[in-house]
There are 2 protein chains.
Amino acid sequence: MANGQAEDRPLTRIQQKNRQTILDAALEVFSQNGFRGSTLDQIAEVAGLSKPNLLYYFPSKDAIHAQLMATLLDTWLHPLRALDADGDPVAEIMAYLRRKLELSRDFPRESRLFANEILQGAPRMKAALEGELRTLVDEKAAVLRAWAAAGKIADLPPHHLIFSIWALTQHYADFEVQVRAVLGEDHDPYAEAQGFLDTLFRKLLAP
Amino acid sequence: MANGQAEDRPLTRIQQKNRQTILDAALEVFSQNGFRGSTLDQIAEVAGLSKPNLLYYFPSKDAIHAQLMATLLDTWLHPLRALDADGDPVAEIMAYLRRKLELSRDFPRESRLFANEILQGAPRMKAALEGELRTLVDEKAAVLRAWAAAGKIADLPPHHLIFSIWALTQHYADFEVQVRAVLGEDHDPYAEAQGFLDTLFRKLLAP
DNA sequence: GTCTATACTCTGATAGAC
DNA sequence: GTCTATCAGAGTATAGAC
């Protein structure tokens with residue numbers, strides 16, 4: 001083994017800090033250029049480290065990206081996991097919508113990293129999409145279906161209802177350049193989106 | 001000048017056919033990997049031509065991409081241009097929605113090429129977004145605002161209403177891998193989306 | 001018009017001094 | 001732990017034979 005982190009010894013504080021710096025720089029670069037379009041030189045420059053030093057902390061470009069992917073899916077699914085079958089139907093869905101929009105606003109780079117991966121055919125995440133993601137969505141879709149059957153919300157195809165929340169919230173992060181180009185300077189896209197999407201889903205969900 | 005197409009002489013039929021073959025292959029490759037992530041080797045292989053032969057028809061990788069971008073924006077804006085201020089408000093918006101969804105279904109590669117460009121910060125299209133696109137959207141937003149003022153449709157922020165149509169329809173092309181992973185084999189995403197989005201916008205637009 | 005060969009640059013990764 | 005130097009391979013583009 002050429003370096004410390006490949007062994008089981010715990011990382012020193014400086015190692016942890018540098019690994020975090022690298023991952024943050026990699027998030028910046030990968031989220032804008034995709035995996036193939038990004039270079040170690042770019043990541044090294046953003047991180048303020050030399051290229052060989054990057055490869056002291058991670059064995060390869062692939063390993064850096066894999067580490068980002070591993071934490072990404074969890075971050076991404078967390079808001080949906082929190083949807084509570086025992087809560088008030090409309091309130092639960094509206095809360096999920098709000099959490100997703102906040103995720104777009106506060107973590108746009110993560111959103112774009114995810115979008116890049118999916119756009120490119122999800123080569124490093126397909127298994128997780130067909131496994132973990134699908135299982136979770138099916139589970140929550142069943143909850144939505146039960147709420148509709150009980151007359152608590154409108155009767156809509158639950159999977160597409162979930163897709164619509166994803167599409168509408170992630171759009172503001174992934175297409176941010178376009179949104180800002182169209183709206184100009186004097187707008188607060190996320191504040192406006194919150195009001196608009198609130199109205200949209202209240203109308204949509206009304207039985 | 002090293003080759004014919006840089007001069008003003010009209011292209012021969014074989015030249016036009018080869019240029020089209022190359023552009024189609026480039027669309028396939030660029031839409032999946034982005035500009036930096038794509039290579040001339042990949043495009044040449046998909047096109048069934050040698051790499052130097054590619055560069056006989058186009059002066060550079062950049063030129064191929066630029067040609068695709070030039071036609072893309074027009075294709076992309078066409079459905080919105082067709083929104084008629086003198087037509088029936090709800091019918092016009094629903095027709096626009098349908099045209100956009102058909103565009104996603106029939107031209108998913110174009111949708112992903114566009115998404116890649118925007119995700120990467122629109123380095124080759126920013127001017128067009130702030131110019132041509134913004135002008136068109138502002139014009140149609142005024143139409144929507146007038147319809148709302150006349151009580152023909154619900155009073156909603158027109159720009160965000162347009163964004164929602166973009167987000168919801170393009171999602172099915174750009175995130176197709178995820179949609180299929182979640183839905184599994186026994187679904188027709190676009191057929192279902194058409195019904196769902198139809199319901200969604202009828203509810204939303206009702207005054 | 002199309003191909004082979006090749007020039008030159010960029011990129012991921014390693015060696016080895018300090 | 002971090003750096004300079006460097007290698008091997010991939011990538012864009014060109015030269016020149018046919």
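From a predicted model like this one, the values you see are computed outputs, not experimental measurements.

A. Region of the structure containing the overall build of chain A. From N to C terminus, chain A includes ten helices and zero strands. Based on the C-alpha atoms only, the size of chain A along its principal axes is roughly 60 × 45 × 30 Å. Each of the 207 residues in chain A was classed as buried or not, and the buried ones make up 52%. Pairs at least 24 residues apart make up 68% of the contacts formed inside chain A by residues separated by at least 6 positions. Entry remark: accessible area of chain A is about 9,300 Å², with carbon and sulfur atoms responsible for 50%. Each charge class in chain A was averaged separately, 23 positive and 28 negative side chains, and the resulting centres sit 3 Å apart.

B. Expanded view of the protein's contact with DNA strand D. Around DNA strand D there are 18 residues in total, and Ser 50 and Tyr 57 of chain A together with Leu 40, Lys 51 and Lys 61 of chain B lie nearest to it. Asn 18 of chain A places a polar side-chain atom, nitrogen or oxygen, 3.4 Å from a phosphate oxygen of DNA strand D. In the model, a phosphate oxygen of DNA strand D is placed 2.9 Å from a nitrogen or oxygen of the Ser 50 of chain A side chain. Of all the elements in the fold, those that place two or more residues in the surface near DNA strand D are helix H1 (13-37) and helix H3 (51-57) of chain A together with helix H3 (51-57) of chain B. Considered class by class, the residues forming the surface near DNA strand D number seven nonpolar, eight polar and three charged.

C. The arrangement of the nonpolar core in detail. Ranked by size, the top nonpolar core spans 142 residues in total, and within it Ile 64, Phe 114, Trp 166 and Phe 201 of chain A together with Phe 114 and Phe 201 of chain B carry the most contacts. Apart from the residues lying within four places of it in its own chain, the contact partners of Phe 114 of chain A are Leu 72, Leu 73, Trp 76, Met 125 and Leu 129 of chain A together with Phe 175 and Gln 178 of chain B.

D. Spatial organisation of the protein's contact with DNA strand C. In the region of DNA strand C, 18 residues are neighbours, and Leu 40 of chain A together with Thr 12, Arg 36, Ser 50 and Tyr 57 of chain B sit closest. Protein-proximal atoms of DNA strand C, defined as those within 4 Å of the protein, fall in sugar or phosphate at a share of 57%. Here a phosphate oxygen of DNA strand C sits 2.9 Å away from a polar atom, N or O, in the main chain of Lys 61 of chain A. Going through the elements one at a time, H3 of chain A together with helix H1 (13-37) and H3 of chain B are the ones with two or more residues in the surface near DNA strand C. Classifying every residue of the surface near DNA strand C by side-chain character gives seven nonpolar, eight polar and three charged.

E. Local environment of the interface of chain A and chain B. Taken together, the contact between chain A and chain B spans 55 residues of the former and 55 residues of the latter. Taken together, both faces of the contact between chain A and chain B bury some 4,800 Å²; the carbon and sulfur share is 70%. At the junction of chain A and chain B, the tally comes to zero salt bridges. At the junction of chain A with chain B, the criterion picks out 14 residue pairs in polar contact (both at pLDDT 80 or more).

F. Representation of the packing of helix H4 (residues 61-81) of chain B against helix H7 (residues 126-149) of chain B in the model. All names here are of chain B. Packing of H4 against H7 brings their axes to within 11 Å, and their N-to-C directions diverge by 10 degrees. If you check the angle between H4 and H7, you find them roughly parallel. In contact with Leu 73, Asp 74, Leu 77, Leu 80 and Arg 81 of H4, H7 contributes Ala 128, Glu 132, Leu 133, Leu 136, Val 137 and Lys 140.

G. Inspection of the domain arrangement of chain A at higher detail. All names here are of chain A. Each assigned domain of chain A is listed with its residue range as follows: domain 1 (2-59) and domain 2 (67-205). Distance between the C-alpha centres of domain 1 and domain 2: 29 Å. At the interface, 13 residues of domain 1 touch nine residues of domain 2. Between domain 1 and domain 2, a total of about 920 Å² is buried, with carbon and sulfur atoms accounting for 60% of that surface. In terms of surface lost to domain 2, no three residues of domain 1 exceed Leu 27, Ser 31 and Phe 35, which account for 52% of the buried area on that side. At the boundary of domain 1 and domain 2, one finds two salt bridges. With a closest N to O distance of 2.9 Å, Arg 109 and Asp 24 form a salt bridge. Inspection of the domain 1/domain 2 interface yields three residue pairs in polar contact (both at pLDDT 80 or more).

Parameters and conventions
- Residues numbered from 1 in each chain as written.
- Chains lettered and ligands numbered in written order.
- Predicted model: local features only at pLDDT ≥ 70, side-chain atom pairs only at ≥ 80, totals over all residues.
- Heavy atoms only, no water.
- Helix = DSSP H or I, 4+ residues; strand = E, 2+ residues; numbered from the N terminus.
- Buried < 20%, exposed > 50% of the residue type's maximum accessible area, 1.4 Å probe, protein only.
- Contact = heavy atoms within 4.5 Å.
- Areas by Shrake-Rupley, 256 points an atom, 1.4 Å probe, with all protein chains shown as cover.
- Lys, Arg positive; Asp, Glu negative; His and termini not counted.
- Charge placed at Lys NZ, Arg CZ, Asp CG, Glu CD.
- Near = heavy atom within 4 Å.
- Polar contact = N/O pair within 3.5 Å; in protein donor to acceptor, adjacent residues only side chain to side chain.
- Nonpolar A, V, L, I, M, F, W, Y, C, P; charged D, E, K, R; others polar.
- Core = buried A, V, L, I, M, F, W, Y, C linked by side-chain atoms within 4.5 Å.
- Buried area = accessible area lost by both parts, 1.4 Å probe.
- Salt bridge = Lys/Arg side-chain N within 4 Å of Asp/Glu carboxyl O.
- Axes fitted to C-alpha atoms, helices over the stretch in contact; angles between N-to-C directions.
- Parallel < 35°, antiparallel > 145°, perpendicular 65-115°, else oblique.
- Domains from an automatic or database assignment.

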